[in-house]
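# What the coordinates show
Okay, here's what each chain looks like letter by letter:
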Amino acid sequence: MQRHAWLLVFTSVYSGISIGQDLEPRYYQNLPLGLNFLAIGYARSDGGVLFDPSVGLENADLVVDGPFIGYARSLAIAGRSGKFDLGIANVCLDGSAVFEGSQVSRKVCGWSDVRLRLAINFLGAPALSMRDFANYQQNLVVGASLQVTAPVGDYDPDKLVNIGTNRWAVKTEIGASKALKHWLLEMKFSSTFYQDNDNFFSGRRRDQDPIYALQAHVVRRFASGKWLAADYTRYRGGETTTDGLPDTNLQSNARLGVTLSVPLNSRHSLKLSGSSGVLTRTGSDFDSVALTWQYAWVR
């Protein structure tokens, strides 16, 4: 595959530590068949940062940081381009907050829950071989994905703040990407549904309403293969009930971010991303930064 064609396919494989609503520009785009991605990186988040943002903490001062790893592979689904990806992190959480009037603290390291996702582009992105992809020009791409979060992360039911969540979650999403010369305009809508946690904080049972989210990205592409994105997400929902009693923890939040991807050569790239909460009702009032090295190969 020619070098300039390789540079076109570097994209978001794994966004780092999975907290709140991730900002992922360039997720719905065409990729040549048989392309593999390995992503290894480090992420750090400071503030009211939680793997389960519905936990009602006040004056939270928490730090979550550590390495993550992800893998993705492009494939064909019913003649259209698709992608499978997965990711997991090994992180440390340290800090304190106020919960129901009492000061609580936690310092723990461990594995996060694992994310698995399958995506298909059903408009504007046919499944193409490496040779044919070199002549592909994007116009409008529309796709959808299904993501499952499996509760394999470290979880202690006697602790309020954990790395794992002790429940399954399913996220459905539809997205569109429109190419305008050097620019990409992108928008995504998603719904995330949660299994009940039957062992929440000393044996309580907790259920959570779905969270509905909108994401928008404006991406500037450069001839060298670099791209720069301005990212925005707005989401709402996620109220919980604990042992049959409703909690006052509706999430109605917004975040802004920026993402820069720089190819080092035809197979290696670096991605730097950062985001910050700009509107927070419950959870997600934190700043986050991640650096990712990505390697691509064909098999």
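Placed above this text is the structure.
Everything in this summary refers to the structure shown in the same document. Only a predicted model underlies this, so the values are computations on that prediction, with no experimental measurement involved.

Attention shifts here to the overall build of the protein. Counting secondary structure elements, the protein contains 2 helices and 17 strands. Relative to the compact-globule value of 19 Å for 299 residues, the protein shows a C-alpha radius of gyration of 19 Å, a close match. Based on the C-alpha atoms only, the size of the protein along its principal axes is roughly 60 × 35 × 35 Å. When the 299 residues of the protein are sorted by exposure, 50% land in the buried category. Of all intrachain contacts in the protein linking residues separated by at least 6 positions in sequence, the fraction that spans at least 24 positions is 66%.

Take the pattern of salt bridges next. Using the criterion set out here, one finds 8 salt bridges in the structure. The shortest N-O distance in the salt bridge between Lys188 and Glu173 comes to 4.0 Å. In this pair, Lys188 sits in strand β8 (residues 183-194) while Glu173 sits in strand β7 (residues 169-180), placing the two residues 15 residues apart along the sequence. Taking relative accessible area as the criterion, Lys188 reaches 3% and is therefore assigned buried. Overall, Glu173 belongs to the buried group, its relative accessible area being 7%. In this structure, a network of salt bridges that share partners links the residues Glu24, Asp85 and Arg117.

Glancing now at the side chain of Gln215. Note that Gln215 resides in strand β11 (residues 211-221). Looking at Gln215, the relative accessible area reads 4%, which means it is buried. Contacts of Gln215, omitting those with residues within four sequence positions, involve Asp22, Leu23, Glu24, Glu186, Met187, Lys188, Tyr232 and Thr233.

Moving on, we come to the packing of aromatic side chains. Two aromatic rings, taken as a pair, are described by how far apart their centres are and by the angle between their planes. Under the criterion given, the structure shown has 6 aromatic pairs. On the basis of an interplanar angle of 45 degrees and a centroid distance of 6.3 Å, the ring pair of Tyr71 and Trp297 is categorised as tilted. Placement of the pair is Tyr71 in strand β2 (residues 58-77) and Trp297 in strand β17 (residues 285-298), with a sequence separation of 226 residues. Classification of Tyr71 by relative accessible area gives partly exposed; the value is 25%. Given a relative accessible area of 25%, Trp297 falls into the partly exposed group. Taking the centre distance of 6.3 Å and the plane angle of 15 degrees together, the rings of Trp293 and Tyr295 count as stacked. Classification of Trp293 as partly exposed rests on a relative accessible area of 28%.

We now examine the nonpolar core. Within the largest apolar cluster, 22 residues are counted, with the highest numbers of intra-cluster contacts made by Leu57 and Leu160. Once residues lying within four places of it in the same chain are set aside, the contact partners of Leu57 are Leu50, Leu62, Ala97, Val98, Phe99, Val104, Leu160 and Val161. Counting residues in hydrophobic clusters, the runner-up holds 6 residues, among them Leu31, Leu35, Phe37 and Met130.

With that settled, consider unusual backbone geometry. In this structure, Lys181 takes a positive phi of about 55 degrees despite not being glycine. Mapping Lys181 onto the fold places it in the loop between β7 and β8. At Phe201, a position not held by glycine, the phi torsion is positive, near 45 degrees. Looking at the secondary structure, you find Phe201 in the loop between β9 (197-200) and β10 (204-208).

A word on a nonpolar patch on the surface. A grouping of Phe222, Leu228, Val258, Leu260, Leu264, Leu270, Leu272, Val289 and Leu291 is seen on the molecular surface, where their side chains present a nonpolar patch of about 720 Å² in accessible area. Of all the secondary-structure elements, those providing two or more residues to the nonpolar patch are β15 (251-263), β16 (268-279) and β17. Among the secondary structure elements, Phe222 is positioned in the loop between β11 and β12 (227-237). On the basis of relative accessible area, Phe222 is assigned to the partly exposed category, the value being 36%.

Taken together, the 4 strands give an open sheet; going across it, the order is β9-β10-β13-β14, and neighbouring strands pair in antiparallel fashion. Only two strands of the sheet have a single neighbouring strand rather than two, namely β9 and β14 (245-246). Here β9 runs beside β10; their pairing, made up of 2 bridges, is antiparallel. Each bridged residue has a counterpart across the sheet, and for Asn197 the counterpart in β10 is Arg206.

A word on the pairing of β2. Walk down a regular strand and you will see the side chains alternate between the two sheet faces. When strand β1 (residues 35-48) meets β2, the two strands line up antiparallel, connected through 12 bridges. Residue pairing for β2: Gly41 is matched across the bridge by Phe68. Pairing analysis gives 16 bridges linking β2 to strand β3 (residues 80-99), with the strands arranged antiparallel. Residue Gly70 lies in a different strand from β3, and its bridge partner there is Gly87. The loop that links β2 with its antiparallel partner β3 comprises 2 residues; one of these, Ala78, has a positive phi angle of about 55 degrees.

The rules behind the values
All residue numbers refer to positions counted from 1 along the written sequence of the respective chain. Residue-level local features of this predicted model are given only where pLDDT is at least 70; pairs of side-chain atoms are given and counted only at 80 or more, and the full residue set underlies all totals for whole chains, interfaces and linings. Each side-chain value is worked out from all heavy atoms of the structure, with water and hydrogens disregarded. We count a stretch as a helix when DSSP gives it H or I for four or more residues in a row; a strand needs E for two or more, and each element gets its number in order from the N terminus. The globule rule is 2.2 Å times the number of residues to the power 0.38, and the radius of gyration it is compared with is taken over C-alpha atoms. Throughout, exposure labels follow a simple rule: accessible area from a 1.4 Å probe, protein chains only, divided by the maximum for the residue type, with under 20% read as buried, over 50% as exposed, and the rest as partly exposed. Here, residues are in contact when the closest pair of their heavy atoms is within 4.5 Å. The term salt bridge refers to a pairing of a side-chain nitrogen on Lys or Arg with a carboxyl oxygen on Asp or Glu at a separation within 4 Å. Two aromatic rings from Phe, Tyr or Trp, using only the six-membered ring of Trp, form a pair when their centres are within 6.5 Å; if the ring planes differ by under 30 degrees the pair is stacked, by over 60 it is edge-to-face, and anything between is tilted. Within this scheme, the nonpolar core is defined by two criteria: the residues are buried Ala, Val, Leu, Ile, Met, Phe, Trp, Tyr or Cys, and they are joined through side-chain atoms within 4.5 Å. Only residues whose relative accessible area exceeds 30% and that take part in no salt bridge are eligible for patches, with like-charged residues grouped when within 9 Å of each other and nonpolar side chains (Val, Leu, Ile, Met, Phe, Trp, Tyr) grouped when within 5 Å. What sets the accessible areas is the Shrake-Rupley method with a 1.4 Å probe; for residues, cover comes only from the shown protein chains. The pairing criterion is simple: DSSP has to find at least two bridges between the two strands.

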